[in-house]
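# Breakdown of the fold
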Amino acid sequence: KLEKARGILAFAFNTDTTDYVSIANKTLKLASQKLNLPYTLITETYDSNFYNSRFDIDSNTFVNWRNFNRFSAYELSPYDETIVIDVDYVIVDNALLKIFDLDWDYLLQRNSHALTANWPKLMGNLSLPYVWATVFAFRKTDNASLFFKLIKRIQENYYYYRALFNIQ
């Protein structure tokens, strides 16, 4: 395969309180060493002015956080097979490479385990199952392209889909 056939992708957007780009650079360098794959960091994309919030345990307050552009991973990835990771997802071995031996168009996590929280199985009482984007993978196939187009459509029309699928 060509050198760019497989790689790692991450999105990082600095906020007034956190230097996510610096965190991403360190995370991606470690991931690249452990997986022996090149990496790409996306720092500006579609609608990067939108903010979400997360609770910061150090300041005991909610702080700005940007994480809205993953639907563009398919379009922006220079790789045929891509692993997308959160900027704080630490890869310490090469176990993720095993996914390339499987047959798939895209892979998402359905289960997550936390020490201090019980995550619901559904996004709402009568809704879709939770999936996690902490780490996911895709190949440049027609099915994966369609999936990312659907995710973009959902994000651009979030309030409609939130009501349709009873997302809490």
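Before any of the text, the structure's been laid out above.
The rules behind the values
Residues numbered from 1 in each chain as written. Predicted model: local features only at pLDDT ≥ 70, side-chain atom pairs only at ≥ 80, totals over all residues. Heavy atoms only, no water. Helix = DSSP H or I, 4+ residues; strand = E, 2+ residues; numbered from the N terminus. Expected span 1.5 Å × (residues − 1). Buried < 20%, exposed > 50% of the residue type's maximum accessible area, 1.4 Å probe, protein only. Arc of directions from axis to C-beta. Phe/Tyr/Trp six-rings, centres within 6.5 Å; stacked < 30°, edge-to-face > 60°. Lys NZ or Arg CZ within 6 Å of the ring centre and 35° of its normal. Pairing = 2+ DSSP bridges. Axes fitted to C-alpha atoms, helices over the stretch in contact; angles between N-to-C directions.

## As for helix 1 (residues 20-35)
Here helix 1 is 16 residues long and its end C-alpha atoms lie 22 Å apart, about the 22 Å a rise of 1.5 Å per residue gives. Those residues of helix 1 that sit buried are Tyr20, Ala24, Thr27, Leu28, Ala31, Ser32 and Leu35. Angular distribution of buried residues about the axis of helix 1 spans 135°; they occupy a single face of the element. In helix 1, the exposed residues that point more than 90 degrees away from the buried face are Lys26 and Gln33.

## Quick look at the packing of aromatic side chains
Scanning the model with the defined rule gives eight aromatic pairs in all. Between Phe138 and Phe148, the ring centres sit 4.9 Å apart and the planes meet at 65°, which makes this aromatic pair edge-to-face. Of this pair, Phe138 sits in strand 7 (residues 132-139) while Phe148 sits in helix 3 (residues 142-156); the two residues are ten residues apart in sequence, bridging distant segments of the chain. The exposure class assigned to Phe138 is buried, which follows from its relative accessible area of 0%. Through pairs of rings, three or more aromatic residues link up here, namely Tyr74, Tyr106, Phe136, Phe138, Phe147 and Phe148. If you follow Lys140 out to its NZ or CZ, it ends over the ring of Tyr74, 5.3 Å from the centre.

## Some points on the sheet that holds strand 5 (residues 81-85)
In space, the five strands of this open sheet follow the order 2-1-5-7-6, with mixed pairing throughout. One side of each edge strand has no neighbouring strand; the edge strands of this open sheet are strand 2 (39-42) and strand 6 (106-109). Neighbouring strand axes in the sheet, compared pairwise and without regard to direction, differ in orientation by 20° on average. The pairing of strand 1 (residues 6-11) with strand 5 spans four bridges and is parallel.

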